[in-house]
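# Structural characterization, general
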Amino acid sequence: AGYILSCGALLLLFYWKPEWDVWANCIRCSLEEADIVLLRTTDEFQRYTRKKVTWIDLSTLAPPVGSNSDGPLVADKDSVINRAMMKQQLKVRSIQVQKIRYIWDFPVKEFKKVGSLEDSNTCHSIHHKFGAGLTREEQKIRQLVCGPNAIEVEIRPIWKLLFKEILNPFYVFQAFTLTLWLSQGYTEYSVAIIILSIVSVGLTVYDLRQQSTKLHNLVEEHNKVQVTVCTKSEGCKELESRYLVPGDMFLLDGKKLSLPCDAVLIDGSCVVNEGMLTGESIPVTKTPLPLTESPMPWKTHSMEDYRRHVLFCGTEVIQTKPTGRGPARAVVLQTGFNTAKGDLVRSILYPKPVNFKLYRDAFKFIIGLSPVADVVAMALLLLTVAVPPTIPAALTTGTVYAQRRLKKKKIFCISPQRINICGQINLVCFDKTGTLTEDGLDLWGIIPSEGSRFQEIRKFPSSTPLPWGLVCGAMASCHSLVVLDKKIQGDPLDLKMFEVHQSFSLGLPAFAPVEGIAILHQFPFSSGLQRMSVVSQKIGEEQYDLYMKGAPEIVSSFCRQETVPANFLEELKMYTSQGFRVIALAHKVLNLGKDVDMSCLERDEAESGLTFLGLLVMENRLKQETKPVLRELAAARIRSVMVTGDNLQTAVTVARNAGMIHTGSKVILIEANEPEGSSPASIAWRLAEESKTNTAGNMQNNYTNNWQGETCNYHFAMNGKSYQVIIKHFYSLLPKILVNATVFARMSPGQKSSLVEEFQKLNYYVGMCGDGANDCGALKMAHAGISLSEQEASVASPFTSQIPNIQCVPELIREGRAALVSSFAVVKYLTLYGLIQFVGTALLFWYLIQDVAITLLVCLTMSLTEAYPKLAPYRPPGQLLSPPLLLSIILNVCFTIIMQTCGFLLVKKQPWYVALASQSVVKTVSPTSPGGNGTSSGAQSSVLSYEDTTLWPLSSINCIIVAFVFSKGKPFRKPIYTNYASLGKAFKPNCCSHLFQQFLCTPVIWRVYILLMLVLTFCVSFFTEDVILQNKHLWLLLKAWFGYQSKSQYRKWQRMLQRDPNWPPVNRKDFAVKSTDEIYINPTYEHSNED
């Protein structure tokens, strides 16, 4: 009844505020009894969602043969399904949130996620419980409870998209305004706005529909994959992948297969392409989960390296290697949207809300203009005159123009509202490999080691071949390369090492005295272990060789110390400090019997007591665009931070070479360690070797002034392990470190996302630029993520550049700044137009023809001005309700009132003035006198007076003046004269001639007076806007005068650290105090480890 009585207004209010709907229509109760659940996000937006609790009925399923009603419904006793079942009714309570299903766990009294195997399973239990497959009855139960194994993205119907768009508060206000204006006969402008709004809404709906279709097509093909599933009762049979459930066992029979779920490999090995997840189409070898009796959960047992056993949904199996027991087998871990690919798709469907004040301020602005109108008889009409309803459409149009300009520069955008945010970016995180540096590695040289001494370096290319020996054997066999379609594929480092080895030695038959080398077993590389090993055998010989390659510090720890050169660390530091990537090689002869089962070989036992062979020195060159772009960003006072998975020393050197760390600046290496035994967590601050030439004593006061405290002459650098320890045990130190941290090395994908979030907490506007490899999470988390990869992984990134270098970053910031300034200019112009019209309406109660002739055309073309080619060393204002913008509007309103009032009073003092000149029929001026209504015919009655004749040109040309004044060019946009469309529309001859047509004839001298008033208004307005309000130095002086300081968190920390004489700490070690420091664990990082 309330919906009907309120004419749908209550329904609309409840659509905007679902929590009010729940509070009005539901009674509060316990979660166990609830039929409706009200969910609230934990972020700063605190958005509410209303969810209905549903029941899943399992009574139609026959109970498993031989089971009793009191027994567990599924064989896995730890499964949440058993705890969620109402035994008598055979029903399960569930809710679905963002495509994930949750069921009610009765003992725990909370909703638990379903669609995954329990993490508490051990290696042994996975083999034992699920190795032979599920029963047919259990499959059916799990299918009903977990839902289909499909990532289904519906193509949203146009009517749904349309309703969602037009129910936006902006458009609802616009509809109210237009209805009121049409009822008053104000037809021309109303029709024009309706057409503009239809085009604007149509473009938005078309864009959303295209994205929906693209995402649907991307995931749909993987929902109907045929897999061979084995059950305990019925053996193996082919099944469509949508019927897979967690716990199912399926076969990998050697055919290429796009994995339809997350699964753990329990038998055999396979090679997969994880390009969808990592952005790099590099084959990755997967090994089976070991069958051990360890009581630890299987993920904990495998530590951070558990991924080597997991086949992720969406990745492609390109090669399988069965064992003697039959084809490779895998157990389904997760299905549907719980999978790795499902999580990626969900992040696209439900992106992190954009916290930007422009749209929120624009709405406040509209509400704030409401009290302007206080004439009782025409209150509503005057209100809607003063509040321009074209604001939402004009803002949308400006974004569309910016998107089109970006497209011309090969930068594609799937989230147009983020373009304005790019104008506020003041910190950019860069991945290193493939982003700042070239993708591939070049072999620079080999340093063999013999008799615990380094030999002479052999640089590449070289005319002298490397003699055949163990180093050549390691280069030929210690890799994870595979031959696919008659082409060698694999990790770029492995490829380069193998190619160079061929040209170095094997290409010359005299130096290759072996027929070939067979790789019998592989211990794959992982970022956690930082090494890989292979067991190989020379063809025709019985000896087994183990070769290892990896991070030099790690490899040397597995070698017999008498084989490691004494100057190992000095030699390593010499090359890493020059920016080279260094790989160490080692070897061991294995004493294995004949016909040994390699799958039973223990890695820890095999990888011990090795002989150190030498170092491979690889060169990773900077891209030629890197230095100029970083220099441009630094000149614009935009911080650059490197976030990489590479070695810390290499990363610091690349940062120096690229210009991120300036010559003379000091680098402080931070090393944090977890608690060990009784000793608490520690953090050590050490000056990097190349920084020790300068004393640490003068560091405190030597801040650079040109960046206004943005940076100083020292930089922190750390690796991912230290970052994790700081997050857990030294969280209070993190803001102090982040305001001057420049290099983060050995960072995992989860840590990258966490770092971006921590920067955002300090009120930085963060951009992230990566090539798609391990950067997906950070690209999604940043205010503006820019992917240089066109892989599927980057479909989640708001921006994608087809030009694979970082030139896109300043381009995007330039366009963002131009779009932001244009948005503010349009809002200011439309506000001034509304208030100019309001003044005229309040004086004479007539409406202006310039609505269609000038206003619409000008506000649609103002945003066409392109971005200024040089980045300014400061950002445009980020708030609509900031002092310069509000003062601009207030002062221009004052100028308008003064000018129009002067014109209104002066015309009455002229000797030729007559109070009411004549009444005539005018066809062009809309519509009414104060007391009358507009007629339905084309000709309308209007009273002509000298007041009209004077105020009409003053108001109309004033609209053009403010459009010109607000279309400021440098430093964020090109000058107004480059925007030919806007100039053409504003100064169109027939528009201007309109202003003096069909009015009373006045003396020429009076027209000159009107022109002088307009010229004076233009000069005053332009001087005020350009010389006073847009004067950056003046505002800085005023801020200093009044003692105003930025409220951004990072600015507060910078000011605090400048006053701290003990910061930064150097050559010092601190320990965590458990009672105060050990209070925070970053949820993003914890989550990333679980996944």
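Every chain begins its residue count from 1, and numbering advances along the sequence as written. Confidence filtering applies because this is a predicted model: local features only for residues at pLDDT of at least 70, side-chain atom pairs given and counted only at 80 or more, and all residues used for totals across whole chains, interfaces and linings. Note that water and hydrogens are dropped before the side-chain values are worked out from all heavy atoms of the structure.

### Concerning the packing of helix H30 (residues 883-908) against helix H34 (residues 1004-1029)
This is how the line gets drawn: The angle between two axes is taken between their N-to-C directions and runs from 0 to 180 degrees, where each axis is a line fitted to C-alpha atoms and a helix contributes only its stretch in contact. Counting from the N terminus, the helices are DSSP H or I runs at least four residues long and the strands are E runs at least two residues long. For classification, angles of less than 35 degrees are called roughly parallel, those exceeding 145 degrees roughly antiparallel, those between 65 and 115 degrees roughly perpendicular, and all remaining angles oblique. Handedness of each helix crossing follows the sense of rotation of the near helix against the far helix: counterclockwise by less than a right angle gives left-handed, clockwise gives right-handed. Any two residues having at least one pair of non-hydrogen atoms within 4.5 Å are treated as being in contact. Classification used: nonpolar for Ala, Val, Leu, Ile, Met, Phe, Trp, Tyr, Cys and Pro, charged for Asp, Glu, Lys and Arg, polar for all others including Gly.
Their axes nearest at 11 Å, the elements H30 and H34 cross at an angle of 165°. As the angle between them shows, H30 and H34 are arranged roughly antiparallel. As H30 packs across H34, the resulting crossing turns out to be right-handed. Side by side, H30 and H34 meet where Pro884, Leu887, Ser888, Leu891, Asn892, Phe895, Met899, Gly903, Leu906 and Val907 of the first sit next to Trp1006, Met1013, Leu1014, Thr1017, Val1020, Ser1021, Thr1024, Glu1025 and Leu1029 of the second. Class assignment for the residues of the contact of H30 with H34 results in 12 nonpolar, six polar and one charged.

### So, the pairing of strand S6 (residues 110-113)
Put simply, the rule reads: The pairing criterion for strands is at least two bridges between them, as found by DSSP.
Strand direction decides the pairing type here: strand S5 (residues 100-105) and S6, joined by four bridges, are antiparallel. Bridged to Ile103 within S6 is Lys112.

### Considering the packing of helix H24 (residues 720-729) against helix H26 (residues 749-761)
Describing two packed helices takes the angle between their axes plus the distance from one axis to the other. The geometry of H24 relative to H26 is characterised by a closest axis approach of 11 Å and an angle of 50° between their N-to-C directions. One finds that H24 runs oblique with respect to H26. As for the relative orientation of H24 and H26, their crossing is left-handed in sense. On H26, the residues touching Gly720, Lys721, Tyr723, Gln724 and Ile727 of H24 are Gln751, Ser754, Leu755 and Glu758. Looking at the contact of H24 with H26 residue by residue, the classes come out as three nonpolar, four polar and two charged.

### Some words on the sheet that holds strand S7 (residues 226-231)
An order of S8-S7-S9-S16-S11-S14 is seen for the six strands of this open sheet, with the pairing classed as antiparallel. Single-partner strands in this sheet number two, and they are strand S8 (235-240) and strand S14 (310-311). Relative to strand S16 (residues 328-334), strand S11 (residues 262-267) is paired through five bridges, and the arrangement is antiparallel. Residue pairing in the sheet places Ala263 in a bridge with Val332 of S16.

### Here's the deal with the environment of Trp952
Structurally, Trp952 can be placed in helix H31 (residues 946-966). The spacing of Trp952 and Gln900 is 52 residues in sequence and 9.5 Å in space, taken between C-alpha atoms.

### Let's talk about unusual backbone geometry
Peptide bonds are trans in most cases, and residues, glycine excluded, mostly fall at negative phi. Omega for the bond connecting Lys970 with Pro971 falls within 30 degrees of zero, at 15°, which places this linkage in the cis form. Counting through the fold element by element, Pro971 comes out in the loop between H31 and helix H32 (980-986). With an omega of 5°, the peptide bond running from Trp1063 to Pro1064 counts as cis. Relative to the helices and strands, Pro1064 resides in the loop between helix H36 (1049-1058) and strand S39 (1068-1071). Residue Arg637 is not a glycine yet carries a positive backbone phi of 60°.

### Here we look at the sheet that holds strand S12 (residues 269-273)
A sheet is described by the order of its strands in space; here four strands give the open sequence S10-S15-S12-S13, paired in antiparallel fashion. This sheet does not close on itself; its edge strands, each paired only once, are strand S10 (257-258) and strand S13 (283-286). Bridge analysis of S12 against strand S15 (residues 316-321) gives five bridges, and the strand direction is antiparallel. Bridged to Cys270 within S15 is Thr320.

### Details of the pairing of strand S35 (residues 784-787)
The condition is simple: The buried label applies to any residue whose accessible area, calculated with a 1.4 Å probe on protein chains only, is under 20% of its type's maximum; exposed applies above 50%, and partly exposed to all values in between.
Of the two faces of S35, the one lined by Ala784 and Ile786 and the one lined by Gly785 and Ser787 are each fully buried. Here strand S34 (residues 766-770) runs beside S35; their pairing, made up of four bridges, is parallel. Looking across to S35, one finds that Cys769 is bridged to Ile786.

### Focus on a nonpolar patch on the surface
This is how the line gets drawn: Each patch is built from salt-bridge-free residues with over 30% relative accessible area, joining like charges within 9 Å and nonpolar side chains (Val, Leu, Ile, Met, Phe, Trp, Tyr) within 5 Å. In this description, accessible areas are obtained by the Shrake-Rupley approach with a 1.4 Å probe, and a residue is regarded as covered only by the protein chains that are shown. Here a salt bridge means any side-chain nitrogen of Lys or Arg lying within 4 Å of a carboxyl oxygen belonging to Asp or Glu.
The grouping of Leu182, Val191, Ile195, Val199, Leu203 and Val400 at the surface amounts to a nonpolar patch, some 460 Å² of accessible area in total. A total of four residues in the nonpolar patch trace back to one element, the largest contributor, which is helix H9 (residues 187-220). Checked against the element boundaries, Leu203 lands in helix H9. Among the residues examined, Leu203 registers a relative accessible area of 44% and is labelled partly exposed.

### Some remarks on the nonpolar core
One recurring pattern in soluble globular proteins: nonpolar side chains tend to sit buried together. The criterion, for reference: To form a nonpolar core, buried Ala, Val, Leu, Ile, Met, Phe, Trp, Tyr and Cys residues must be joined to one another through side-chain atoms within 4.5 Å.
Counting 43 residues, the largest nonpolar core has Ile683, Trp685, Phe716, Ile726, Ile737, Phe744 and Phe759 as its most contacted members. With residues up to four places along the chain from it excluded, the contact list for Phe744 reads Val641, Met642, Val643, Thr644, Met718, Tyr723, Leu738, Leu755 and Phe759. If you look at the next biggest cluster of nonpolar residues, it comprises 42 residues, including Ile425, Ala651, Val809 and Ile813.

### Quick word on the pattern of salt bridges
Tallied over the entire structure, the rule returns 22 salt bridges. Linking Arg814 and Glu811 is a salt bridge whose minimum nitrogen-to-oxygen distance equals 3.4 Å. In this pair, Arg814 and Glu811 both sit in helix H28 (residues 808-844), three residues apart, roughly one turn of the helix. With relative accessibility at 11%, the residue Arg814 sits in the buried group. Taking the shortest distance from any N to any O, the salt bridge between Glu1025 and Lys828 comes out at 2.9 Å. Of this pair, Glu1025 sits in helix H34 while Lys828 is found in helix H28, placing the two residues 197 residues apart along the sequence.

### Considerations on H26
Stated formally: Residue count minus one, scaled by 1.5 Å, sets the expected span of a helix.
Here H26 contains 13 residues, and its C-alpha end-to-end distance of 19 Å stays within 8% of the 18 Å for a straight helix at 1.5 Å per residue. The buried count for H26 comes to 10 of 13 residues, which makes it a mostly enclosed element. Immediately downstream of H26, the backbone of Asn763 shows phi near 70°, a positive value.

### Quick look at the side chain of Asn426
Spelled out, the test is: We define a polar contact as two N or O atoms separated by no more than 3.5 Å, with the added condition that, inside protein, one atom must be a possible hydrogen donor and the other a possible acceptor, whereas residues neighbouring each other in sequence contribute only through side-chain atom pairs.
Locating Asn426 in the fold gives a position in the loop between helix H16 (418-422) and strand S18 (427-430). Polar contacts involving the side chain of Asn426 include one to the main-chain amide nitrogen of Tyr765, which spans 2.9 Å.

### Some words on the state of the cysteines
Threshold: Disulfides are defined as cysteine sulfur pairs within 2.5 Å.
Counting across every chain of the model gives one disulfide. Residue pairing for Cys230: its cysteine sulfur links by disulfide to Cys236, the two sulfurs lying 2.0 Å apart. Between Cys230 and Cys236 the sulfur-sulfur dihedral comes to about 90°; the bridge is accordingly right-handed. Here Cys230 falls in the buried class, since its relative accessible area comes to 4%.

### Points about the packing of aromatic side chains
Filter applied, for reference: Two aromatic rings, drawn from Phe, Tyr or Trp (for Trp, its six-membered ring), form a pair once their centres lie within 6.5 Å of each other, and the interplanar angle then sorts them: stacked below 30 degrees, edge-to-face above 60, tilted otherwise.
Counted by the stated rule, this structure contains 21 aromatic pairs. Here Trp159 and Phe163 contribute two aromatic rings whose centre-to-centre distance is 6.3 Å and whose plane-to-plane angle is 80°, an arrangement assigned as edge-to-face. In this pair, Trp159 and Phe163 are both assigned in helix H7 (residues 158-166), four residues apart and thus about one turn of the helix distant. Of the residues examined, Trp159 reaches a relative accessible area of 53% and is grouped as exposed.

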